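The residues making up each chain are set out below.
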Amino acid sequence: MNLPDLKEAKKRTDKEVLEKKVEYNFPKIFLNKKYFLRTYGCQMNVHDSEEIRKYLEILGFTETVVLEESDLVVLNTCAIRENAHDKVFGYLGRCKHLKREKPNLLIAIGGCMSQEESVVEEIKNKHPYVDIVFGTHNISELPKLLLEKKEKQNIEVYSIEGDVYEGIKYSRDSKITAWVNIMYGCDKFCTYCIVPYTRGKERSRKLESIIAEVEELKQNGYKEVTLLGQNVNAYGSDLHKGYDFKDLLEKVALTGIERVRFVTSHPWNFTSEMIDVIAKYDNIMPYIHLPLQSGSDGILKLMGRRYTKKEYISLFRSIKEKIPNVSITTDIIVGFPNETEEDFLETLNVVDICKFDSAFTFIYSPRVGTPASLIKDNVTMEEKEERLQRLNKLVNAYSLEANQRLVGNVVPVLILGENEKDKTCVYGYTDTMKLVNIEGGKDLIGNIVPIKIKEAKSFSLDGEIVKEGVPI
Ligand code: SAH
Ligand code: SF4
Ligand code: F3S
């Protein structure tokens, strides 16, 4: 048994990052067994689940989307806010119930919650029916943990800075768009955030490995890649090889894959050369997710974000100036400890200035082990909720405005699939990452087509297929 340790997880040393190769020589002993995989959290977790799915398939499992049918449940968890925890423990209740009826059911928990001391203690003490707990650093050990399944709960979580794995195979969700990890971990240690503890040190994959992966995806017919990292702009700084994110972006663009995206950008490491590269290549999409978190300099400082309101706005403006039609989205936290009404008004002011295409907004949630969780807070939950509502109202109005500006325009849309709710429609994303629903067009799935925008809503657009400017 290896238990997580937040103090260890916080350490950063000069220890060399090792490149490890994932081996796939394990037996197919779970033939005729079914797994149920539930993913919480961000794109990294979504992509990690594609890795998990591959291991399970190689072991012989097939997937089911019906919990009750499964022989193995894997929960890939997120620890970013308390409600993420609550969701997982709520769901575990259902699994426990099912295990009473199916005593051979296996339950495995992975992801960021597994990296938290307090959570693993709780699982040990209160949820003995959970069979396996694995962490974000040893996803590739899941087959081993399943093959060696013990009578007792098996907890294998490592609080280490982490290595870089190569040769990972994925069972990808889509045949059109693909996630590509370019770096792991985070060294920013924003004072509210648990990610540097759950994901370890900031460590980049080598440029050649990333390009090889993109080339292969392109050859396999993929139209779009999204480069993934907690702070993609810091890419390469740990490698000391003289290249950085702008060089990587340029090389990825030159593979000729039709669409290149990336998340998440941190304002602190965003250089003007990076903006120039994004502007230069047509296949780098004009869409940037640029988390603001707060508009108040005092709060930004307490958050450890390393930029001021003025610096954020100036970066925002230079992106808008250099990249035609760029859309910019953001993340905002309200109710950080001791946030005053004036602080909050500064945030609203930045929203008024930037008029974001859309924004994810959150009430601050204290995370055990982070510095911010120790700050005594004098903002009541009512105040926090009221601020969130005011913020959402403003943010949604600007989202609608941004969408309305597109009505009547013809925009390139990558068609991804059938609309789940209305099978007579397909859906896709514009270059600027706006969701569009289109009547008909099933034959167009996998293609980038010009779509005329007919109607705008706050969170999506309706469009129609056009041929040389005329609807068909
Ligand atoms: N690496 C990205 C963000 C990853 S987490 C970045 O630095 O921008 C996604 C978002 O969750 C963050 O941008 C932040 O807005 C929010 N978040 C993180 N920790 C939080 C906490 N303790 N409480 C509330 N929101 C939080
Ligand atoms: Fe968390 Fe900050 Fe790292 Fe983003 S940059 S993952 S908010 S610590
Ligand atoms: Fe959640 Fe971990 Fe992502 S905490 S947001 S799944 S990095």
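Okay, so let's go over this structure. (Residues numbered from 1 in each chain as written. Chains lettered and ligands numbered in written order. Predicted model: local features only at pLDDT ≥ 70, side-chain atom pairs only at ≥ 80, totals over all residues. Heavy atoms only, no water.)

## Quick look at the site of ligand 1
Near ligand 1 lie 16 residues; those nearest to it are Gln230, Pro291, Gln293, Asp331 and Ser365. Separating an oxygen atom of ligand 1 from a side-chain N or O atom of arginine 305 is a distance of 3.3 Å. Aspartate 331 places a polar side-chain atom, nitrogen or oxygen, 2.6 Å from an oxygen atom of ligand 1. Mapped by element, the contributors of at least two residues to the shell around ligand 1 are β15 (327–334) and β16 (358–363). In terms of residue class, the shell around ligand 1 is built from seven nonpolar, five polar and four charged. (Near = heavy atom within 4 Å. Polar contact = N/O pair within 3.5 Å; in protein donor to acceptor, adjacent residues only side chain to side chain. Helix = DSSP H or I, 4+ residues; strand = E, 2+ residues; numbered from the N terminus. Nonpolar A, V, L, I, M, F, W, Y, C, P; charged D, E, K, R; others polar.)

## Examining the site of ligand 3
With respect to spatial proximity, the complete set of residues near ligand 3 consists of Cys42, Asn45, Cys78, Ala79, Ile80, Cys112, Val195, Arg199 and Gln230. By residue class, the composition of the shell around ligand 3 is six nonpolar, two polar and one charged.

## A short note on the nonpolar core
Among soluble globular proteins, nonpolar side chains are generally buried collectively. Membership of the largest hydrophobic core comes to 59 residues, with the highest contact counts inside it found for Leu227, Tyr235, Phe245, Leu248 and Ile319. With sequence-adjacent residues up to four places away left out, phenylalanine 245 is seen in contact with Ile182, Leu227, Val232, Asn233, Tyr235, Phe262 and Met274. Of all hydrophobic cores here, the second largest spans 31 residues; its members include Phe36, Val73, Val88 and Tyr91. (Core = buried A, V, L, I, M, F, W, Y, C linked by side-chain atoms within 4.5 Å. Buried < 20%, exposed > 50% of the residue type's maximum accessible area, 1.4 Å probe, protein only. Contact = heavy atoms within 4.5 Å.)

## A word on the sheet that holds strand β4 (residues 72–77)
Ordered by their spatial adjacency, six strands build an open sheet running β3-β2-β4-β5-β6-β7, and the pairing between neighbours is parallel. Each edge of the sheet is formed by a strand with only one pairing partner; in this case those strands are β3 (62–63) and β7 (154–156). Looking at chain direction, strand β2 (residues 34–39) and β4 are connected through five bridges and run parallel. Bridge assignment links arginine 38 to a residue of β4, and that residue is leucine 75. Helix α2 (residues 43–58) rests against β2, β3, β4 and β6 (132–134) of the sheet, and its axis sits at about 170° to β2. Contacts between helix α3 (residues 82–101) and the sheet are confined to β2, β4 and β5 (106–111), with β4 contributing the most and set at about 170° to the helix. (Pairing = 2+ DSSP bridges. Axes fitted to C-alpha atoms, helices over the stretch in contact; angles between N-to-C directions.)

## Here's the deal with the pattern of salt bridges
Two side chains with opposite charge may pair up if their charged atoms get near one another. A complete count under the given rule lists 33 salt bridges for this structure. Across the pair aspartate 163 and lysine 20 runs a salt bridge, and its minimum N-O distance is 2.9 Å. Residue aspartate 163 is located in the loop between β7 and β8 (164–166), and its partner lysine 20 is located in strand β1 (residues 19–21); the two are separated by 143 residues in the primary sequence. We classify lysine 20 as partly exposed; its relative accessible area is 33%. (Salt bridge = Lys/Arg side-chain N within 4 Å of Asp/Glu carboxyl O.)

## Details of empty space enclosed by the protein
For the coordinates displayed, the defined rule picks out one cavity of 30 Å³ or more. Counted as a void, the largest cavity has a volume near 260 Å³. Taken together, 17 residues line the largest cavity, and the ones lying closest to its centre are Thr136, Ile139, Tyr165, Tyr184 and Arg203. Sort the elements by how many residues they give to the lining of the largest cavity and α2 lands first, with three residues. Taken together, the residues of the lining of the largest cavity sort by class into six nonpolar, six polar and five charged. (1 Å grid on protein atoms, 1.4 Å probe; cavity = no way out; pocket = protein on both sides within 12 Å on 5 of 7 lines; lining within 4 Å. Points joined across faces, edges and corners; volume = space filled by probe spheres on them.)

## What to know about α2
Because an α-helix packs 3.6 residues into every turn, residues spaced three or four apart end up facing the same way. An ideal rise of 1.5 Å per residue puts 22 Å on 16 residues; α2 measures up with 23 Å between its terminal C-alpha atoms. Restricting attention to buried positions, one finds in α2 the residues Met44, Asn45, His47, Asp48, Ser49, Glu50, Glu51, Ile52, Arg53, Tyr55, Leu56 and Ile58. Glycine 60 sits one or two residues past α2 and shows a positive phi near 110°. (Expected span 1.5 Å × (residues − 1).)

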